[in-house]
Amino acid sequence: MNRNMIDGRQDHLAQVALYGRYVFERGLASSTGGNISCRAGESVLISTHGSCLGDLDEASTVSVSLGGELLQSRRPSSELPVHLEIYRQFPGVGGIVHGHSPYAVAASTLLELSDDDALPAYSAGYLIRVGSLPLIPFIESGSPALAHRVAEAIERSGHAVLIRNHGFFAVGGDLAEAFYTADELQDALRVYMFSSGQAVALPPEVCDRIRAAHRDGPVRTRPQNDENQRDAEMSRP
């Protein structure tokens, strides 16, 4: 492994450890629940099975190729198939957060299942960060069926999906964006639960206008290759 590869892995490890701690401290996951990952070129760095997101380090993360080959002898999170399916389908996604917060689990059992949008929009911030939230039925963790269904839902929503009796997945162009989306979703779920679902949502025309202005996201963005990126930078005034 050359020096650049080592430095790159350390950068990705620092990001996973930082945002894993944020996820834990914000109550998006507890104990050894939840998982987090980032894209690292043609591989993925993901938290290991049974690790605490609040205390991630070298020993509690593992590199896996996009094809699913373990690049280190550590056991990855059981939700690895979901992470890989999202990264393979959406090249613009660079980070994924999966949480099991009490608000997410509770709301998932009360809201109606929806392929499009299960949660009322209470704020502009939610519409900008999350946009819409599909709610899919419970499917066994780590299964190919869950990976397929989550990727389908992410393609529709662009940012996040809620799973009945389980939790949520949130994605971003990088881990920071994925965390901010998860955090914004958590706040909306709190409003829903604290108000027993009675909080007044934004008017539909306002929701449509804000969503239309923020339609782009990591799922709908294809990253430029290095040559195109250089050309774009050289063409700037």
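Summary of the structure given here.

Scoring rules and cut-offs
- Residues numbered from 1 in each chain as written.
- Predicted model: local features only at pLDDT ≥ 70, side-chain atom pairs only at ≥ 80, totals over all residues.
- Heavy atoms only, no water.
- Helix = DSSP H or I, 4+ residues; strand = E, 2+ residues; numbered from the N terminus.
- Buried < 20%, exposed > 50% of the residue type's maximum accessible area, 1.4 Å probe, protein only.
- Contact = heavy atoms within 4.5 Å.
- Areas by Shrake-Rupley, 256 points an atom, 1.4 Å probe, with all protein chains shown as cover.
- Pairing = 2+ DSSP bridges.
- Axes fitted to C-alpha atoms, helices over the stretch in contact; angles between N-to-C directions.
- Phe/Tyr/Trp six-rings, centres within 6.5 Å; stacked < 30°, edge-to-face > 60°.
- Expected span 1.5 Å × (residues − 1).
- Polar contact = N/O pair within 3.5 Å; in protein donor to acceptor, adjacent residues only side chain to side chain.
- Salt bridge = Lys/Arg side-chain N within 4 Å of Asp/Glu carboxyl O.

**Observations concerning the overall build of the protein**
Part 1: Each helix and strand in the protein was counted, giving 8 helices and 7 strands.
Part 2: Burial analysis of the protein (237 residues in total) assigns 47% to the buried set.
Part 3: Taking all contacts inside the protein whose residues are at least 6 apart in sequence as the whole, residues at least 24 apart take part in 65%.
Part 4: As displayed, the protein has an accessible area near 11400 Å², and 50% of this comes from carbon and sulfur atoms.

**As for the sheet that holds strand S4 (residues 95-99)**
Within a sheet, each strand pairs with its neighbour through backbone hydrogen bonds, oriented either parallel or antiparallel.
Part 1: One open sheet accounts for 7 strands, arranged S3-S2-S1-S4-S7-S6-S5; its pairing is mixed. Because the sheet does not close on itself, it has two edges, and the strands there are strand S3 (61-65) and strand S5 (135-136).
Part 2: Relative to strand S6 (residues 160-163), S5 runs parallel, the two being bridged by 2 bridges. In the strand pairing of S6, Leu 135 is matched with Leu 162.
Part 3: Lying on the sheet, helix H5 (residues 144-157) is in contact with S5, S6 and strand S7 (167-172); it crosses S6 at an angle near 135 degrees.
Part 4: Its contacts with the sheet put helix H6 (residues 175-194) on strand S1 (35-40), S4, S6 and S7, and the angle it makes with S7 is roughly 140 degrees.

**Focus on the packing of aromatic side chains**
Part 1: Inspection of every chain in the model, using the stated rule, returns 5 aromatic pairs.
Part 2: With a centroid separation of 5.9 Å and an interplanar angle of 45 degrees, the aromatic rings of Tyr 19 and Phe 179 are classed as tilted. Of the two residues, Tyr 19 sits in helix H1 (residues 3-25) while Phe 179 sits in helix H6, which places them 160 residues apart along the sequence.
Part 3: With 5.8 Å between their ring centres and 85 degrees between their planes, Tyr 103 and Phe 194 make a pair best called edge-to-face. Taken together, the positions of Tyr 103 in helix H3 (residues 102-110) and Phe 194 in helix H6 put the pair 91 residues apart, joining distant regions of the chain.
Part 4: According to the relative accessible area criterion, Tyr 103 is partly exposed, its value standing at 23%.
Part 5: Judged by relative accessible area, which is 61%, Phe 194 ranks as exposed.
Part 6: Counting every residue linked through ring pairs, the aromatic cluster contains Tyr 19, Tyr 22, Phe 179 and Tyr 180.

**A few points about H6**
Part 1: Look at H6: 28 Å from first C-alpha to last across 20 residues, which is about the 28 Å you get at 1.5 Å a residue.
Part 2: N-capping of H6 is provided by Asp 174, with a side-chain oxygen placed 3.3 Å from the backbone N of Ala 176.
Part 3: Ser 196 sits one or two residues past H6 and shows a positive phi near 55 degrees.

**A closer look at the pattern of salt bridges**
Part 1: In total, this model carries 9 salt bridges according to the counting rule given.
Part 2: Note that Glu 85 is salt-bridged to Arg 88, the shortest N-O span being 3.6 Å. Separated by 3 residues within a single helix, Glu 85 and Arg 88 lie in helix H2 (residues 80-89), roughly one turn from each other.
Part 3: On the basis of relative accessibility, which here comes to 43%, the residue Arg 88 falls in the partly exposed class.

**Description of the pairing of S4**
Part 1: Most of S4 sits out of view: 5 of its 5 residues are buried.
Part 2: By the alternation rule, side chains of S4 split into Gly 95, Val 97 and Gly 99 and Ile 96 and His 98, which are all buried.
Part 3: Where S1 meets S4, 4 bridges bridge the pair, whose relative direction is antiparallel. The partner of Ile 36 across the bridge, within S4, is Val 97.
Part 4: Taken together, the 5 bridges between S4 and S7 define a ladder with antiparallel strand orientation. Within the sheet, the bridge partner assigned to Ile 96 lies in S7 and is Val 171.

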